[in-house]
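This is what each chain is made of:
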Amino acid sequence: MKAIAVEPGAGVPEIVERPVPEPATGDALVRVCRVGVDGTDYEVIEGSHGGTPAGDDRLILGHEAVGIVEDANGTSLEEGQYVVPTVRRPPAGAETNEYFERGEPDMAPEGEYVERGILGAHGFMAEYVTSPADSLVPIPDELAPWGFLVEPISISEKALQHARATRSAFDWEPESALVLGNGSLGLLTVAMFTTTLGYDRVYCLGRRDRPDPSIDVIERLGATYVDSRETPVSEIATAYEPMDVIYEATGYAKHAFESIDALAPNGVAALLGVPGDWSFEVDGGRLHRELVLHNKALVGSVNSNRTHFEAATETLAALPDEVLEAIVTGIYGLDAVDRAFPEITANVAAAGHGSSERVEDDTPIKTAVEFAPI
Ligand code: NAP
Ligand code: BGC
Ligand code: ZN
């Protein structure tokens, strides 16, 4: 079968041949249909995040998948059912641990998990994958074309659940929300705030000139575009309004600290980005004081568990098709796989390697690879 693999830090994703995997007891065999690409995939490709399974110099990419059960292998799943796999698995050699037993692998510390397609385990960009049946979340047939969005939406379900939980000790009625980052995670979260969560006032930060398709999505959703080159995050409270909730999805490390100033009293910021090391100066005393005297909270959030995938499936069903069509700018078969990785294609072209054309889409937002039709 064909799969898409990379040598992290040293290569570009390429199509490789691998044997079709055999499901072990408790596993089902899944025919993969579509797999989304996100910012984490680029971090894995450049070698700044994640890593290969022990003893392998390449990693099969992909952690945002939807597929169809090909062989239920005696599990409770049904053949022909569409499923979305969760990402974390117990570390190599371990069958489980307390986090997996509790259904909370997303809360496991480093060393207690691997992540398929990201860290220490091959991912879902392959024609077939196997997975324990309890890590495969069934979704309705009509959602299957967008099923690769369940995983990223589940990331926001978890982060916002944890943000709300930090405010659960008092009567909190948030009305304003700011999303930092107009990538695919940011835009999906803007759609959640304006659509399913019903926030009155939603803002989204980027650093792009108009016209830009991500700004069109923001405005079509009734949210306000904020350009960080004109209004730094630390000035948003005065230039726009103080925010009850901030969702950081830029991976730009200063935003974690600048968010403290952008929050309203009693507000909470969820941090999602995974930046590299970066030393810079902050006025720690003032920020500490600001957090304390205004009851503000910062919460980091990573990954998601089955409950978040189930919530995400409901959210996905409620998001209008035209919004999803605007966010997903391209779904490409294996014959055009380079177009599913537009940042790589652009970098290769810019470096003068090979004859890669620039991608035709103007500024793609979310792309996916199609392995089998839905
Ligand atoms: P992405 O497509 O790279 O999006 C990041 C966006 O932030 C880009 O559109 C970028 O703008 C924008 N941005 C970066 N710095 C900015 C600045 N200073 N001012 C304004 N905009 C800025 O990535 P993604 O897939 O949406 O994911 C977002 C982040 O979340 C990544 O760091 C990713 O690793 C992380 N993530 C974390 C989790 C988790 O579980 N915690 C899950 C998924 C993703 P340009 O494109 O114009 O440069
Ligand atoms: C994935 C998560 C994962 C995180 C950190 C994200 O892109 O969606 O499932 O836990 O990266 O590796
Ligand atoms: Zn991801």
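To keep things clear, this report deals only with the structure shown in the data block. Worth saying up front: this structure is predicted, and the values here are computed from it rather than measured. (Residues numbered from 1 in each chain as written. Chains lettered and ligands numbered in written order. Predicted model: local features only at pLDDT ≥ 70, side-chain atom pairs only at ≥ 80, totals over all residues. Heavy atoms only, no water.)

Considerations on the coordination of the zinc ion (ligand 3)
- In the first shell of the zinc ion (ligand 3), the protein supplies Asp38 (OD) and His63 (NE2), at 2.0 to 2.1 Å from the metal.
- Taken together, the four donor atoms surrounding the zinc ion (ligand 3) define angles of 74 to 158° at the centre, an arrangement classified as irregular. Here the residue Asp38 occupies a position in the loop between β3 (27-37) and α1 (39-46), and His63 occupies one in the loop between β4 (59-60) and β5 (64-71), the gap between them amounting to 25 residues. In this pair, the class of Asp38 matches that of His63, namely buried. (Donors = N, O, S within 2.8 Å, 3.2 Å for Na, K, Ca; no water. Tetrahedral: all angles 85-135°; square planar, octahedral: opposite > 155°, others 65-115°. Helix = DSSP H or I, 4+ residues; strand = E, 2+ residues; numbered from the N terminus. Buried < 20%, exposed > 50% of the residue type's maximum accessible area, 1.4 Å probe, protein only.)

Points about the site of ligand 1
- The environment of ligand 1 is made up of 26 residues, and the closest members are Gly39, Glu43, Arg207, Arg208 and Ser228.
- Between Thr40 and ligand 1, the recorded distance is 3.4 Å, taken from a side-chain N or O atom to an oxygen atom.
- With respect to ligand 1, the backbone of Asn303 contributes an N or O atom lying 2.9 Å from an oxygen atom.
- Out of a free accessible area of 930 Å², ligand 1 has 84% covered by protein chains.
- It is α1 that provides the largest number of residues to the shell around ligand 1, a total of three residues.
- Of the residues assigned to the shell around ligand 1, the class counts are eight nonpolar, 14 polar and four charged.
- Counting contributing residues, the shell around ligand 1 receives three or more from each of domain 1 (2-138 + 333-370) and domain 2 (153-300). (Near = heavy atom within 4 Å. Polar contact = N/O pair within 3.5 Å; in protein donor to acceptor, adjacent residues only side chain to side chain. Areas by Shrake-Rupley, 256 points an atom, 1.4 Å probe, with all protein chains shown as cover. Nonpolar A, V, L, I, M, F, W, Y, C, P; charged D, E, K, R; others polar. Domains from an automatic or database assignment.)

Observations concerning the site of ligand 2
- Close contacts around ligand 2 come from Asp38, Thr40, His49, His63, Val87, Glu115, Ile118, Glu151, Ile155, Val302 and Asn303, and that covers them all.
- In this structure, Thr40 approaches ligand 2 through a side-chain N or O atom, which is 2.4 Å from an oxygen atom.
- At 3.3 Å from an oxygen atom of ligand 2 is found a side-chain nitrogen or oxygen belonging to His63.
- Summarising the interface, the protein chains cover 92% of the accessible area of ligand 2, which totals 310 Å² for the free molecule.
- Residues of the shell around ligand 2, tallied by class, amount to four nonpolar, four polar and three charged.

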